[in-house]
Amino acid sequence: MNKEKQRDKKLIGITVLLLIFAVIYQHFANEKDTLSVLRQGEPAAARFENAGGNYPSYKLWDAQENFLGYGVIAGASGYGGKLSVLSVLNPAGQITKVSLTENSETPLYLNKVLATGFLQKILGRNPEQGFGDINAVSGATITSEAIIAAVQKGSVQIANEQLGMKIPNDDGVNPTWKDMAALALVLTAIICSARKIKKLRPWLLFLSVIFIGFILNNSLTFSNFVSLFSGNLPSFVERPIWYLMVPGILIITLFRGENFYCSWLCPFGAVQEGIYRSLNLFKFSPSQNIQSKVGKYRWWMLWVAAMTALIFNNAGIASYEPFSVCFDGSGNIAQWIIMSIILLMSIALFRFWCHSFCPVGLMLDFMARLQRKLKRKKIEIRENANCNHCDNASCPQKISGMSRQDKLYLVLVSIVNIIILIALLLNISSMS
Ligand code: SF4
């Protein structure tokens, strides 16, 4: 047992070290040569001078010393992470080119936006004219709005500081009704879980499916955690809801020692549970022992996703969950297959995705357990937590070996894990 523990400790140490190296690598990979970045927008640029301002901005000249205009790089927050957008303006202040210099956006949404020729709609405008009449791309609203916000911020800076215009820039936090409704839902879930008002749980889950799932499509995803831990944070002004849903839920979970999100708020958890409770046509009950062991393999999948996201400098890649497919119809083919298998299996197995694959639940459970351990509380066994009885030598499941259902469960889990790896590969291949 001691040897096993030592081996586990070594493995954990190596894993954490590799993650740290990946974060450092990501930091250096971000640094690019300024002129080559500016040439993405103005290929004729041969020389530049810093023009100052909050956002990096430059005056550009060609090889014959003709003044070409201005380049400005401003960032905004997309769905999966930050987007840095280079806007090039001619000497009259007209936007002649918009290009993405860096992004941690979920490839799926970004590709959707780029495929519609959205960037071309911005060309020819000047900051005085504004961008309010450009419609966001349906199914990728946050991404399109982030691009517009970045172009607006950068071009207004050039207009005001270089061209002598006086365009007001909206820099304050403007919470929308969606932000306020999300806040109300999260607060209600916290109160209900703290006071154990179980009567309201089905209603809260239902509201969450409608609002967090279908309206916002803002389920907590693993890529949110990757963004958070790699310091790739969106602006609070632009996405206050992100701070509520990611660090907010994480801190509350850590503080309370209870994973209230999974039990009271997660829309995909609610969908699985709803199917199980309403269509529980036949019983499929692999042993707790086997489910517990399989559940631990989620760490490896989580690690692979985190490393991939950090190496490719794109937190959005880490999202292999089928949440967006379920609520927005957006996802790669592997995610569609995963969702179909999970929803089908939900007829027979309670929260199949949660127990066997979900990286978000794993992280939140870990945070909750950490707090309980710190407080030296006895660890309670939650409905969807691991059994842990497998450590006991007298566990009946251990003695009797694997049943047919256990074997079938293992085959299913292996298939889904392979499809998850394919989903990650597809995410990488769809990077812009
Ligand atoms: S484990 Fe994942 S899918 Fe399940 S409830 Fe938690 S976050 Fe949602």
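Below, the structure is looked at part by part. (Residues numbered from 1 in each chain as written. Predicted model: local features only at pLDDT ≥ 70, side-chain atom pairs only at ≥ 80, totals over all residues. Heavy atoms only, no water.)

## Overview of the pattern of salt bridges
Test applied: Take a side-chain nitrogen of Lys or Arg and a carboxyl oxygen of Asp or Glu: if they are within 4 Å of each other, that pair is a salt bridge. We call a residue buried when its accessible area falls under 20% of the maximum for its residue type, exposed when it is over 50%, and partly exposed in between, using a 1.4 Å probe and counting protein chains only. Labels follow the DSSP assignment, with helices taken as runs of H or I lasting at least four residues and strands as runs of E lasting at least two, numbered in each case from the N terminus.
Across all of its chains, the model carries seven salt bridges by this definition. The partner of Arg47 in a salt bridge is Glu49, with the nearest N and O atoms 3.5 Å apart. By relative accessible area, Arg47 is classed as partly exposed at 30%. By relative accessible area, which is 37% here, Glu49 ends up partly exposed. One salt bridge in this structure joins Glu65 and Arg47, with 3.0 Å as the shortest N-O distance. Note that Glu65 is positioned in the loop between strand E2 (57-61) and strand E3 (67-77) and Arg47 in strand E1 (residues 47-50), a separation of 18 residues in sequence. Sharing partners across several salt bridges, the network here consists of Arg201, Glu273, Arg277 and Arg351.

## Some remarks on the sheet that holds strand E4 (residues 82-89)
Note the threshold: Strands are labelled as partners when DSSP assigns at least two bridges between them. All axes here are fitted lines through C-alpha atoms, helices being fitted over the stretch that makes contact, and every angle between N-to-C directions spans 0 to 180 degrees. Note on contacts: a residue pair qualifies if any of its non-hydrogen atoms lie within 4.5 Å across the two residues.
Taken in spatial order, the five strands of this open sheet run E1-E2-E3-E4-E5, and their pairing is antiparallel. If you trace the sheet from one side to the other, it starts and ends with E1 and strand E5 (95-103), each paired once. The mean inter-strand angle of the sheet, taken between neighbouring strand axes irrespective of direction, is 25°. Of the strands in this sheet, E2, E3, E4 and E5 are in contact with helix H4 (residues 141-161), which crosses E3 at around 135°.

## A look at the packing of helix H5 (residues 177-195) against helix H6 (residues 201-215)
The test is simple: Working definition: roughly parallel below 35 degrees, roughly antiparallel above 145 degrees, roughly perpendicular at 65 to 115 degrees, and oblique for all remaining angles. In this scheme the crossing of two helices becomes right-handed for a clockwise turn of the near helix relative to the far one and left-handed for an anticlockwise turn of less than a right angle. In this count, Pro and Cys sit with the nonpolar residues alongside Ala, Val, Leu, Ile, Met, Phe, Trp and Tyr, while Asp, Glu, Lys and Arg are called charged and the others, Gly among them, polar.
At a minimum axis distance of 11 Å, the contact between H5 and H6 shows a crossing angle of 150°. The orientation of H5 relative to H6 falls into the category roughly antiparallel. Between H5 and H6 lies a crossing of left-handed hand. Contact residues: Trp177, Lys178, Ala181, Ala182, Leu185, Thr188, Ala189 and Cys192 in H5; Leu204, Leu207, Ser208, Phe211, Ile212 and Ile215 in H6. Classifying every residue of the contact of H5 with H6 gives eleven nonpolar, two polar and one charged.

## Observations regarding helix H8 (residues 240-256)
Spelled out, the test is: One less than the residue count of a helix, multiplied by 1.5 Å, gives the span that helix is expected to have. Bending is quantified residue by residue as the angle between axes fitted to the seven-residue window ending at that residue and the seven-residue window starting at it.
Helix length check: H8 (17 residues) gives 22 Å between terminal C-alpha atoms against 24 Å at 1.5 Å per residue, within 8%. Gly248 marks where H8 bends most, by close to 35°. Among all positions of H8, only Pro240, Ile241, Trp242, Leu244, Met245, Val246, Pro247, Gly248, Ile249, Leu250 and Thr253 are buried. For H8, the secondary structure elements touched by its buried residues are H5, H6, helix H7 (222-229), helix H9 (260-264) and helix H16 (359-374). Where H8 terminates, the next one or two residues include Gly257, which has phi positive at roughly 70°.

## So, the site of the ligand
Under the convention used in this document: In these notes, residues near a molecule or strand are those with any non-hydrogen atom within 4 Å of it.
With respect to spatial proximity, the complete set of residues near the ligand consists of Tyr261, Cys262, Cys266, Gly269, Phe323, Arg351, Trp353, Cys354, Cys358, Val360 and Gly361. Elements represented by at least two residues in the shell around the ligand include exactly H9, helix H15 (352-356) and H16. Residues belonging to the shell around the ligand are distributed by class as follows: eight nonpolar, two polar and one charged.

## Considerations on unusual backbone geometry
Positive phi values are uncommon outside glycine, yet Lys196 reaches one of about 55°. Structurally, the position occupied by Lys196 is in the loop between H5 and H6. What makes Lys196 exposed here is its relative accessible area of 54%. Here the phi dihedral of Asn217 falls at roughly 45°; this positive angle occurs in a residue that is not glycine.

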